[in-house]
Amino acid sequence: MELAYRTDRGQVRAQNEDAVLILGDERAGIALVADGMGGHEAGEVASQLVIEQFRRAFPTLPASPMEMENWFRHNVELANEQVLDFSKQANLLMMGTTIAGVCWHDETIVIVHVGDSRVYALRENKLQQLTEDHSYVNVLKQLGELTEEEMRVHPKRNIITRAIGSKEHVEPDLQVFAEPEFDTILICTDGLTTHLTDEEIKQVLERPVSADVKADQLIDQANRLGGSDNITVALVQFTDRKRG
């Protein structure tokens, strides 16, 4: 297994409001990204609060799939409370953050997701988006009113319909995969997917290079195409996964 992450301010934003966490090894671990919103310190604090909650909680990561789901749900709720408390104390009404990530224990992988950051999986040269954006433009896409390309340039593409810190309670989307045999998992903020298509992402992930090099290439490519937002990627590459 190879683990890698990169986070970059991009070419336009004054500061980086994204945050990222990777911890663990082949037996058990976690990889998360968070994309803060609210402007300047508000977004940066929100994303960091989420990441630090999971950093503290990582030693308690359970082994069974059901317990892993409950662990994710519990810590998302704790992070939500922290962001809400901070926003009230600082009088920051628009403060919040997305979260997307995975945890694994032996052959079980659990995915968590709130907002429009994404989790992808590459398996046998096929790339699959495992999460469904909680966003205004994705609602329009599901209704057949927008294409994927139109979503990336829509003036309201940054409006998300679910976020940590936006309500008293937040319900994360959770998925469990038992022995999925993924080759690579990519977790990313929308600073990547605004500029790169799924096919362009797949081309990078398929290259016979290290996870570190792939992370650099994804960031560099998004910046070359405009870098209009902060860009964060985390990669979990299963170099020795057995095939059935």
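Residues numbered from 1 in each chain as written. Predicted model: local features only at pLDDT ≥ 70, side-chain atom pairs only at ≥ 80, totals over all residues. Heavy atoms only, no water.

- As recorded in an unreviewed UniProt entry, the chain goes by Stp1/IreP family PP2C-type Ser/Thr phosphatase and comes from Exiguobacterium aurantiacum.

1. Some points on the overall build of the chain
Here comes step 1: Counting its regular elements, the chain contains seven helices and eleven strands.
Here comes step 2: Over its C-alpha atoms the chain spans a radius of gyration of 17 Å, differing by no more than 12% from the 18 Å that the globule rule assigns to 244 residues.
Here comes step 3: Across the 244 residues of the chain, 52% fall into the buried class.
Here comes step 4: Once local pairs closer than 6 in sequence are excluded, the contacts in the chain between residues at least 24 apart make up 70%.
Here comes step 5: For the chain, the accessible area works out to roughly 11200 Å², and carbon and sulfur atoms hold 49% of it. (Helix = DSSP H or I, 4+ residues; strand = E, 2+ residues; numbered from the N terminus. Rg over C-alpha atoms; globule rule 2.2 N^0.38 Å. Buried < 20%, exposed > 50% of the residue type's maximum accessible area, 1.4 Å probe, protein only. Contact = heavy atoms within 4.5 Å. Areas by Shrake-Rupley, 256 points an atom, 1.4 Å probe, with all protein chains shown as cover.)

2. Description of the pattern of salt bridges
Here comes step 1: A full pass over the atoms with the stated rule returns 14 salt bridges.
Here comes step 2: One salt bridge in this structure joins Arg 162 and Asp 173, with 3.0 Å as the shortest N-O distance. Residue Arg 162 is found in the loop between α4 (148-153) and β9 (173-178), and its partner Asp 173 is found in strand β9; the two are separated by eleven residues along the sequence.
Here comes step 3: Look at Arg 162 and you get partly exposed, because its relative accessible area is 28%. (Salt bridge = Lys/Arg side-chain N within 4 Å of Asp/Glu carboxyl O.)

3. Considering unusual backbone geometry
When glycine is set aside, most residues are seen to have a negative phi, and most peptide bonds are trans.
Here comes step 1: The phi dihedral of Asp 106 is positive, around 55°, even though this residue is not glycine.
Here comes step 2: Its place among the elements puts Asp 106 in the loop between β5 (99-105) and β6 (108-114).
Here comes step 3: Unusually for a residue other than glycine, Asn 125 sits at a positive phi of about 65°.
Here comes step 4: Turning to its location among the elements, Asn 125 is positioned in the loop between β7 (118-123) and β8 (126-129).

4. Some details on the nonpolar core
Here comes step 1: The biggest cluster of nonpolar side chains holds 29 residues, and the ones touching the most others in it are Ile 30, Leu 32, Phe 54, Phe 72 and Ile 164.
Here comes step 2: Among residues more than four places away in sequence, those in contact with Ile 30 are Leu 21, Ile 22, Leu 23, Phe 54, Phe 58, Trp 71, Phe 72, Val 102, Cys 103 and Trp 104. (Core = buried A, V, L, I, M, F, W, Y, C linked by side-chain atoms within 4.5 Å.)

5. A closer look at the sheet that holds strand β10 (residues 184-188)
Here comes step 1: The antiparallel open sheet is built from five strands, whose spatial order is β1-β11-β10-β7-β8. The open sheet terminates on both sides in strands that have one partner only, identified here as β1 (2-8) and β8. Averaged over neighbouring strand pairs, the angle between their axes works out to 15° when direction is ignored.
Here comes step 2: On the sheet, helix α7 (residues 211-224) packs against β1, β10 and β11 (231-237) and is oriented at approximately 155° with respect to β11. (Pairing = 2+ DSSP bridges. Axes fitted to C-alpha atoms, helices over the stretch in contact; angles between N-to-C directions.)

6. Quick word on the packing of aromatic side chains
Both the distance between ring centres and the angle between the ring planes are used here to describe each pair of aromatic rings.
Here comes step 1: According to the stated counting rule, one finds four aromatic pairs in the structure shown.
Here comes step 2: An angle of 50° between the planes, with centres 5.4 Å apart, marks the rings of Trp 71 and Phe 72 as tilted. The same class applies to Trp 71 and to Phe 72, which are both buried. (Phe/Tyr/Trp six-rings, centres within 6.5 Å; stacked < 30°, edge-to-face > 60°.)

7. Some thoughts on helix α6 (residues 198-205)
Here comes step 1: Among all positions of α6, only Ile 201, Lys 202, Val 204 and Leu 205 are buried. What you see down the axis of α6 is that its buried residues fit within an arc of 160°, all on one side. (Arc of directions from axis to C-beta.)

8. A closer look at the pairing of strand β3 (residues 28-37)
Here comes step 1: Most of β3 sits inside the fold, with nine of its ten residues counted as buried.
Here comes step 2: Pairing geometry for strand β2 (residues 18-24) and β3, over seven bridges, is antiparallel. Bridge assignment links Asp 18 to a residue of β3, and that residue is Asp 35.
Here comes step 3: In sequence, β2 turns back onto β3 through a hairpin of three residues.
Here comes step 4: Taken together, the six bridges between β3 and β5 define a ladder with antiparallel strand orientation. The residue of β5 that forms the bridge with Val 33 is Ala 100.

9. Here we look at helix α2 (residues 65-90)
Here comes step 1: Here α2 spans 38 Å end to end across 26 residues, near enough to the 38 Å set by a 1.5 Å rise per residue.
Here comes step 2: Of all the residues in α2, the buried ones are Met 68, Trp 71, Phe 72, Asn 75, Val 76, Glu 77, Ala 79, Asn 80, Val 83, Leu 84 and Ser 87.
Here comes step 3: The inward-facing, buried residues of α2 abut β3, α1 (41-57), β4 (96-97), β5, β6 and β9.
Here comes step 4: Asn 91 sits one or two residues past α2 and shows a positive phi near 60°. (Expected span 1.5 Å × (residues − 1).)

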